[in-house]
Amino acid sequence: MDICSIRKDFPILNRTVNGKKLVYLDNAATTQMPSQVLYAYTQHYSLDNANVHRGIHTLSEISTAKLEDARAAAARFIGAPSPECIVFTSGTTDSVNTVVRAWAENMARGSFSIVATAMEHHSNYLPWLDLCTRRGGNFVEIPLSQDGRLDTVALGKALTPETILFAVTYVSNVTGAVNDIKGLIDLAHSRGVPVLVDAAQAAREFPIDVSELGADFLCLSAHKMLGPSGVGLLYVAKRHFEELVPCRLGGGMISDIRNGLPVYEQMPHFLEAGTPNIGGIVAFHEAIRYIESVSRGYIEERETMLTSRLREMLSQLKDVRILGLSDTGGSCVSVVSGRFHPYDAALLLDKQGVAVRSGTHCAIPCHRALGVTGSLRFSPAFYNTEDELEAAVTAFDRALSILDRAAGGKP
Ligand code: PLP
């Protein structure tokens, strides 16, 4: 694979920001789309646009076929046994909330607990906290060590006969820590507890096989894997189909109304009320094709190389602490220091064309567990180059000098 030809596929990488060449290192928030994905989206709306599963005219048939092809491709991509296990959603947040409404509400009877971790993004934390608050359940947060590792001893104690679900991220969007997801699922299953995996950060970089993992639910977002925003998926293991209840009511999810009662469609249509984001799903399919053509092995290898190079360069900077373990695997590096406030540093980097994320990255529990209130996150993707990393770290060093001077010449 040739990085120059890969970069040509991403037109946005050539733009300037504030008069400087863009260095885009905010891929943990959203990745950029290759021309192939943009083309698939515009082609769909230019040539094939119609509603799905409703009409019998040609365009409706084409649109329906494209949507169902995308579902089959998504199922293959994550190792799902069949396309009916794949529900299209608007993203990871929507997927988690769908599991709350369609499954957990139904399972939360009597006294119950839900176990999540301090490593979670708010989208895999708040819906569970809210459910427990509303229904009188016990919300258990698994703590992290100072270097950002999950406390598996605490997890072992937290999984009790009352636990209805363990919700856990595959990869942290703060430290880049990669959980031993298979080990965690096996542990939870040995206690009879189903597991929801948040694969938002993992899906681009790591091969996922839900069948091999034994995951009960898995959520991801297209916009973190070269697709458009507003599309994602929810995988539901077949063994849970019978436990699902309708969570959104509307067109496309019933087959009849008999004696005043709806007769529900089978999965996955049962959980897909209303017109989906058809063009977005078609573009998501193209993103999957693109990742497969580049290969996940190549993406993982390149992102691992770029992230460790970035860690190495950032660790040379005076008084800058990298959050988490020294060698993680996920493609993001978050830093803190008494020398800067994350917002100031991000603004000064933006002035130099470098896009990074500042704040809590929707992960307040994780920052709290690491003893900080926010951080500055650099997150490369495989299409970034080592030159860009060097430019970003040089720009960061320059920003730190400006902030040192503004603070009175220290350090
Ligand atoms: N989970 C993780 C680990 C994330 O990093 C994110 C987004 O940053 C989400 C969930 C939420 O994804 P979305 O905003 O696409 O729903």
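In the block above lies the structure referred to throughout.
Residues numbered from 1 in each chain as written. Predicted model: local features only at pLDDT ≥ 70, side-chain atom pairs only at ≥ 80, totals over all residues. Heavy atoms only, no water.

Asks: Would you take a moment to explain the nonpolar core for this structure?
Replies: Within soluble globular proteins, side chains that are nonpolar tend to cluster in buried spots. By size, the foremost hydrophobic cluster in this structure holds 108 residues, and its most contacted members are Ile78, Trp128, Phe166, Ile208 and Phe382. Looking at this core element by element, the count peaks at nine residues for helix H9 (residues 278-294). Among all residues touching Trp128, those that are not within four sequence positions of it are Val96, Val99, Val100, Ala104, Ile114, Phe139, Leu165, Ala167 and Leu196. With 26 residues, the next largest nonpolar core counts Leu310, Phe340, Leu376 and Leu389 among its residues. (Core = buried A, V, L, I, M, F, W, Y, C linked by side-chain atoms within 4.5 Å. Buried < 20%, exposed > 50% of the residue type's maximum accessible area, 1.4 Å probe, protein only. Helix = DSSP H or I, 4+ residues; strand = E, 2+ residues; numbered from the N terminus. Contact = heavy atoms within 4.5 Å.)

Asks: Sorry, what's going on with the packing of aromatic side chains here?
Replies: Geometry of an aromatic ring pair is reported as the spacing of the ring centres plus the angle between the planes. Scanning the entire structure with this criterion turns up eleven aromatic pairs. For the ring pair Tyr170 and Phe206, a centre distance of 6.0 Å and an interplane angle of 15° mean the geometry is stacked. Here the residue Tyr170 occupies a position in the loop between strand E7 (163-169) and helix H7 (181-190), and Phe206 occupies one in the loop between strand E8 (195-198) and helix H8 (210-213), the gap between them amounting to 36 residues. Like Phe206, Tyr170 is buried. (Phe/Tyr/Trp six-rings, centres within 6.5 Å; stacked < 30°, edge-to-face > 60°.)

Asks: What is the right way to look at the pattern of salt bridges in this model?
Replies: A side chain with one charge may pair with a side chain of the opposite charge, provided their charged atoms come close. Evaluation of the coordinates by the stated rule reveals 23 salt bridges. Two residues, Arg134 and Asp130, come together in a salt bridge whose shortest N-O distance is 2.9 Å. A residue pair is termed a helical-turn pair when its members lie 3 or 4 positions apart in one helix, as Arg134 and Asp130 do in helix H5 (residues 126-135) at four residues. Overall, the relative accessible area of 33% leaves Asp130 in the partly exposed class. Where Asp216 meets Arg239, a salt bridge forms, and the shortest distance between an N and an O atom there is 3.0 Å. Taken as a pair, Asp216 in the loop between H8 and strand E9 (217-221) and Arg239 in the loop between strand E10 (232-236) and strand E11 (254-258) lie far apart in primary sequence, 23 residues in all. Counted as one network, the salt bridges with shared partners bring together Arg101, Glu105, Asp130, Arg134 and Arg135. (Salt bridge = Lys/Arg side-chain N within 4 Å of Asp/Glu carboxyl O.)

Asks: Can you walk me through the sheet that holds E7 in this structure?
Replies: Each strand in a sheet pairs with its neighbour through backbone hydrogen bonds, running either in the same direction (parallel) or in the opposite one (antiparallel). With respect to topology, seven strands assemble into an open sheet ordered E4-E10-E9-E8-E7-E5-E6, the strand pairing being mixed. Since the sheet does not close on itself, it has two edges, and those belong to strand E4 (86-89) and strand E6 (138-142), each with one partner. Taken pair by pair, the neighbouring strands of this sheet meet at an average axis angle of 20°, ignoring direction. Pairing of E7 with E8 involves four bridges; the strand directions are parallel. Within E8, the residue paired with Phe166 across the bridge is Val195. Sitting on the sheet, helix H3 (residues 58-77) is in contact with E4 and E10, with an inclination near 115° to E4. (Pairing = 2+ DSSP bridges. Axes fitted to C-alpha atoms, helices over the stretch in contact; angles between N-to-C directions.)

Asks: Could you clarify how one ought to interpret the side chain of Gln201 in this entry?
Replies: Structurally, Gln201 is set in the loop between E8 and H8. A polar contact is formed between the side chain of Gln201 and the backbone oxygen of Ala28, at a distance of 2.8 Å. Setting aside its immediate chain neighbours within four residues, Gln201 contacts Ala28, Val171, Asn173 and Lys224. (Polar contact = N/O pair within 3.5 Å; in protein donor to acceptor, adjacent residues only side chain to side chain.)

Asks: Which parts of the structure should I look at to understand the site of the ligand?
Replies: By nearness alone, 13 residues border the ligand, and Thr93, Asp198, Ser221, His223 and Lys224 come closest of all. Here a nitrogen atom of the ligand and a side-chain polar atom of Asp198 are 2.5 Å apart. Between the ligand and Ser221 there is a distance of 2.7 Å, counted from an oxygen atom to a side-chain nitrogen or oxygen. A total of 400 Å² of accessible area belongs to the ligand in isolation, and the protein chains cover 87% of it. (Near = heavy atom within 4 Å. Areas by Shrake-Rupley, 256 points an atom, 1.4 Å probe, with all protein chains shown as cover.)

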